[in-house]
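Each chain is listed here by its residues.
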Amino acid sequence: MLIGGALATVTPYVVRSLKKYLDRDKDGKSFIQNTTYRAKINEALIEIRAYVGSNRVSITEYHNGIVSTNGLPFNYSSVTYENVDYTTREIMMDQQKLPISPVSKLLLDIHNCTELYLRIGPDFKDTKIVSMNKYYGVETNYIFKIGNHIKDGIVNVSWVHEDTVLTDEEVEFISLKVKYIHEIMKKMIKY
């Protein structure tokens, strides 16, 4: 009877401790697995930049932050991956948790685009977007949706001080890499 009582007291503690250990180990494995996927995404960005000779390739993802008093979400964008050539300044750390409201029209244009990409060059119709590009020294952007919905994020291929037009072959190469990136992102584990 005494042993049964001791086991009844100790068993829940042992079970909780074991569960915590296994959960911690699961999170550790998930972290390593996701880090492996992130490395593959970075490699894909390097391949895109090298193939088309751009100055920067980045991924922007969208997320929710705090809600307003009436419950509406404030949505933000953050650059989560970036690869630049040796002449180009990285901007990823400057591009964190930016409100999407100033670029909401652009996001709708990207989402509704029937092409594989949206090109933003000096002749782009939204002068506010062209001005933002100029601020960062960007002359041309090609923006590709990751997945079928803008909420999945974008891959942005940029040229500094150069008005660039991609060939059909280059667009196809980037599109295939963006699909590859999307497949990798879908495998990442939430924890």
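Residues numbered from 1 in each chain as written. Predicted model: local features only at pLDDT ≥ 70, side-chain atom pairs only at ≥ 80, totals over all residues. Heavy atoms only, no water.

Observations regarding the confidence of the model for the chain
- Of the residues in the chain, 86% have a pLDDT of 70 or more, and the chain-wide mean is 86.
- Across the chain, helix H4 (residues 168-187) holds the top mean pLDDT of 96, while helix H1 (residues 2-52) sits lowest at 75. (pLDDT = per-residue confidence, 0-100. Helix = DSSP H or I, 4+ residues; strand = E, 2+ residues; numbered from the N terminus.)

Observations regarding the pairing of strand S2 (residues 73-84)
- Two strands pair when backbone bridges link them, and strand S1 (residues 56-67) and S2 are joined in this way by ten bridges, in the antiparallel orientation. Bridge pairing in S2 links Ser58 to Glu82.
- Remark: five residues form the turn of the hairpin made by S1 and S2, two consecutive strands paired antiparallel; Gly71 in that turn has positive phi of roughly 90°.
- Direction of pairing for S2 relative to strand S3 (residues 98-99): antiparallel, over a ladder of two bridges. Among the inter-strand pairings, Tyr76 is bridged to a residue of S3, identified as Pro99. (Pairing = 2+ DSSP bridges.)

Quick look at the packing of aromatic side chains
- A full pass over the atoms with the stated rule returns five aromatic pairs.
- Ring centres 5.0 Å apart and planes at 50° place the aromatic pair Tyr117 and Tyr142 in the tilted group. Highlighted residues: Tyr117 in the loop between helix H2 (104-112) and strand S4 (118-120) and Tyr142 in strand S5 (residues 138-145), separated in sequence by 25 residues.
- The exposure class of Tyr142 is buried, given its relative accessible area of 1%.
- Judged by centre distance (5.8 Å) and plane angle (45°), the rings of Tyr117 and Phe144 are tilted. Here Phe144 lies in strand S5 and Tyr117 lies in the loop between H2 and S4, a separation of 27 residues in the sequence.
- Taking the relative accessible area as the measure of exposure, Tyr117 reaches 23% and is therefore partly exposed.
- By relative accessible area, Phe144 is classed as buried at 1%.
- Joined through ring pairs, the aromatic side chains of Tyr117, Tyr142, Phe144 and Trp159 make up one cluster. (Phe/Tyr/Trp six-rings, centres within 6.5 Å; stacked < 30°, edge-to-face > 60°. Buried < 20%, exposed > 50% of the residue type's maximum accessible area, 1.4 Å probe, protein only.)

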